[in-house]
Amino acid sequence: LTFIKSEHSLHEPMYVFLAMLGTTDIGHATSVIPKMLAVFWFHMLEIYFDSCLLQMWFIHTFQGIESGILLAMAFDRYIAICYPLRHATILTFQLVIQIGTAVTLRAAALVTPCLILINSRLKFYHTTVISHSYCEHMAIVKLAAENIWINKIYGLFVAFTVAGFDIIFTSFSYIQILTTVLRLPQKEARFKAFDTCITHVCVFLQFYLLAFFSFFTHRFGSHIPPYIHILFSSVYLLVPPFLNPLVYGLKTRQIRSQVVKMFKV
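These numbers were taken from a predicted model, which means no experiment stands behind them.

A. Geometry of the overall build of the chain. Looking only at helices and strands, the chain features ten helices and zero strands. When the helices and strands of the chain are listed from N to C terminus, the series reads α-α-α-α-α-α-α-α-α-α. On C-alpha atoms alone, the chain measures out to a radius of gyration of 20 Å, which is about the 18 Å that the 2.2 N^0.38 rule sets for 265 residues. For the chain, the C-alpha atoms occupy an extent of roughly 65 × 45 × 35 Å along the three principal directions. Buried positions account for 43% of the 265 residues belonging to the chain. In the chain, the share of contacts with a sequence separation of at least 24, taken over all contacts with a separation of at least 6, comes to 75%. Accessible surface, the chain as shown: approximately 14900 Å² in total, 72% of it carbon and sulfur.

B. A look at the nonpolar core. Ranked by size, the top nonpolar core spans 35 residues in total, and within it Ile4, Phe17, Leu18, Leu21, Ile69, Leu70 and Met73 carry the most contacts. Looking at this core, the elements that each hand over two or more residues are α2 (13-42), α3 (49-82), α5 (93-121), α8 (187-220) and α9 (226-251). In contact with Leu70, not counting residues within four places along its chain, are Leu21, His200, Val203, Phe204 and Phe207. Grouped together as the second largest cluster of nonpolar side chains are 17 residues, Leu122, Cys135, Ile140 and Val158 included.

C. Region of the structure containing α3. Here α3 is 34 residues long and its end C-alpha atoms lie 50 Å apart, about the 50 Å a rise of 1.5 Å per residue gives. The buried fraction of α3 amounts to 26 of the 34 residues, a majority that puts the element mostly inside the structure.

D. Spotlight on the UniProt feature "transmembrane region" (unreviewed entry) in the chain. Mapped onto this structure's residue numbering, the UniProt feature "transmembrane region" (unreviewed entry) falls at residues 15-42, 54-75, 95-118, 153-175, 196-216 and 228-248. Along residues 15-42 one finds 100% helix and 0% strand; the C-alpha atoms at either end are 39 Å apart.

E. View of a nonpolar patch on the surface. Residues Ile33, Leu37, Phe40, Trp41, Phe42 and Met44 make up a contiguous nonpolar surface patch of about 650 Å² in total accessible area. Mapping Met44 onto the fold places it in the loop between α2 and α3.

F. Here's a closer look at the environment of Ile130. Summarising the element assignment, Ile130 is placed in the loop between α5 and α6 (137-141). The spatial distance from the C-alpha of Ile130 to the C-alpha of Ile69 is 30 Å, given a sequence separation of 61 residues. When residues no more than four places from it in sequence are discounted, the contact partners of Ile130 are Cys52, Cys135, Ala139, Ile140 and Leu143.

G. Summary view of the packing of α9 against helix α10 (residues 253-264). Following both chains from N to C, one finds α9 and α10 inclined at 90°, their axes separated by 5 Å at the closest point. One finds that α9 runs roughly perpendicular with respect to α10. Every residue of α10 that contacts α9 at Gly249, Leu250 and Lys251 is listed here: Arg253, Ile255 and Arg256. Considering only residue class, the contact of α9 with α10 consists of two nonpolar, one polar and three charged.

H. Representation of the side chain of Glu136 within the structure. Summarising the element assignment, Glu136 is placed in the loop between α5 and α6. For Glu136, the side chain forms a polar contact with the main-chain nitrogen of Met138, separated by 2.9 Å. Within polar-contact distance, the side chain of Glu136 engages the backbone nitrogen of Ala139 at 3.0 Å.

I. Representation of the packing of aromatic side chains within the structure. Scanning the model with the defined rule gives eleven aromatic pairs in all. Ring plane angle 85° and centroid distance 6.2 Å describe the contact between Trp41 and Phe42, whose orientation is recorded as edge-to-face. Both residues of the pair, Trp41 and Phe42, count as exposed. Ring geometry for Tyr154 versus Phe157: centroids 5.8 Å apart, planes at 40°, classification tilted. Pair noted here: Tyr154 and Phe157 are both in helix α7 (residues 149-182), with a separation of three residues, about one helical turn. Owing to a relative accessible area of 44%, Phe157 belongs among the partly exposed residues under this scheme. One aromatic cluster in this structure is built from Phe204, Phe207, Tyr208 and Tyr236.

J. Structural context of the pattern of salt bridges. Within the structure shown, the criterion is met by two salt bridges. When the shortest N-O distance is used, the salt bridge between Arg77 and Asp76 registers 2.9 Å. When its relative accessible area of 1% is taken as the criterion, Asp76 is described as buried.

K. Representation of the state of the cysteines within the structure. Within this structure, the stated rule accounts for one disulfide. Through a disulfide, Cys52 is tied to Cys135; the S-S separation comes to 1.9 Å. The disulfide joining Cys52 to Cys135 has a torsion of about -115° about its S-S bond and is therefore left-handed. Linking Cys52 in helix α3 with Cys135 in the loop between α5 and α6, this pair joins segments that are 83 residues apart in sequence. No disulfide involves Cys114; its sulfur sits 13 Å from the nearest other cysteine sulfur, which is in Cys52.

Conventions we followed
- Residues numbered from 1 in each chain as written.
- Predicted model: local features only at pLDDT ≥ 70, side-chain atom pairs only at ≥ 80, totals over all residues.
- Heavy atoms only, no water.
- Helix = DSSP H or I, 4+ residues; strand = E, 2+ residues; numbered from the N terminus.
- Rg over C-alpha atoms; globule rule 2.2 N^0.38 Å.
- Buried < 20%, exposed > 50% of the residue type's maximum accessible area, 1.4 Å probe, protein only.
- Contact = heavy atoms within 4.5 Å.
- Areas by Shrake-Rupley, 256 points an atom, 1.4 Å probe, with all protein chains shown as cover.
- Core = buried A, V, L, I, M, F, W, Y, C linked by side-chain atoms within 4.5 Å.
- Expected span 1.5 Å × (residues − 1).
- UniProt positions renumbered as here; feature names shortened; annotations may be inferred.
- Patch = residues over 30% accessible without salt bridge, like charges linked within 9 Å, V, L, I, M, F, W, Y side chains within 5 Å.
- Salt bridge = Lys/Arg side-chain N within 4 Å of Asp/Glu carboxyl O.
- Axes fitted to C-alpha atoms, helices over the stretch in contact; angles between N-to-C directions.
- Parallel < 35°, antiparallel > 145°, perpendicular 65-115°, else oblique.
- Nonpolar A, V, L, I, M, F, W, Y, C, P; charged D, E, K, R; others polar.
- Polar contact = N/O pair within 3.5 Å; in protein donor to acceptor, adjacent residues only side chain to side chain.
- Phe/Tyr/Trp six-rings, centres within 6.5 Å; stacked < 30°, edge-to-face > 60°.
- Disulfide = S-S within 2.5 Å.

Written as structure tokens, this is what we have:
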């Protein structure tokens, strides 16, 4: 984030989206790690109900924002490869900011009703013990002693609205990119075009593979041992914020050169 802000040559759409992704990762990790460390290190196992709901809102909102930013980065690669001469005129700084704002508002607007439905519908609970070191929507809803089908349906609606929309349009972008790249006459040009996309593809796949495992085991994985579920749910929340800066920092030449220059000094 410091390099992108200080280096004028990095003030381009791809790096602005990368800065948004980094900021989202920081927010995502910050909403989880302090309480998780308090649980593991100091055995502070309790959390107020309102604080639990707030943590849930932050976790799912940042997840939705990250998914939207990954879609925006795929769109940036699509424009850069399929319409290289019009990239600067299509993806202006103003449009990039508008995309970031829309992605944030979409996530917040879709997740907020989850809080309202829990607060307004669920008054009695079988237990107050959550089987995770963080508050997640279905983990809270499953504690209720009342009918939770509306909460489940809305949770599925949010998940498939965000993930479904973003995966479909990201896939469409890469189909168009693949079609365009395979038409290039020079082998070096094809390799260079693929090389600019491989980092984003890796980040996208690790985000969604872990997300789908956590999502489906919450709803359909009653036969999976709890410790496996808890482990992978924690990995899903902690690994992407840890890996994203490393992957992009090592793979992106401009950022890598700035890091090397810093250590040489």
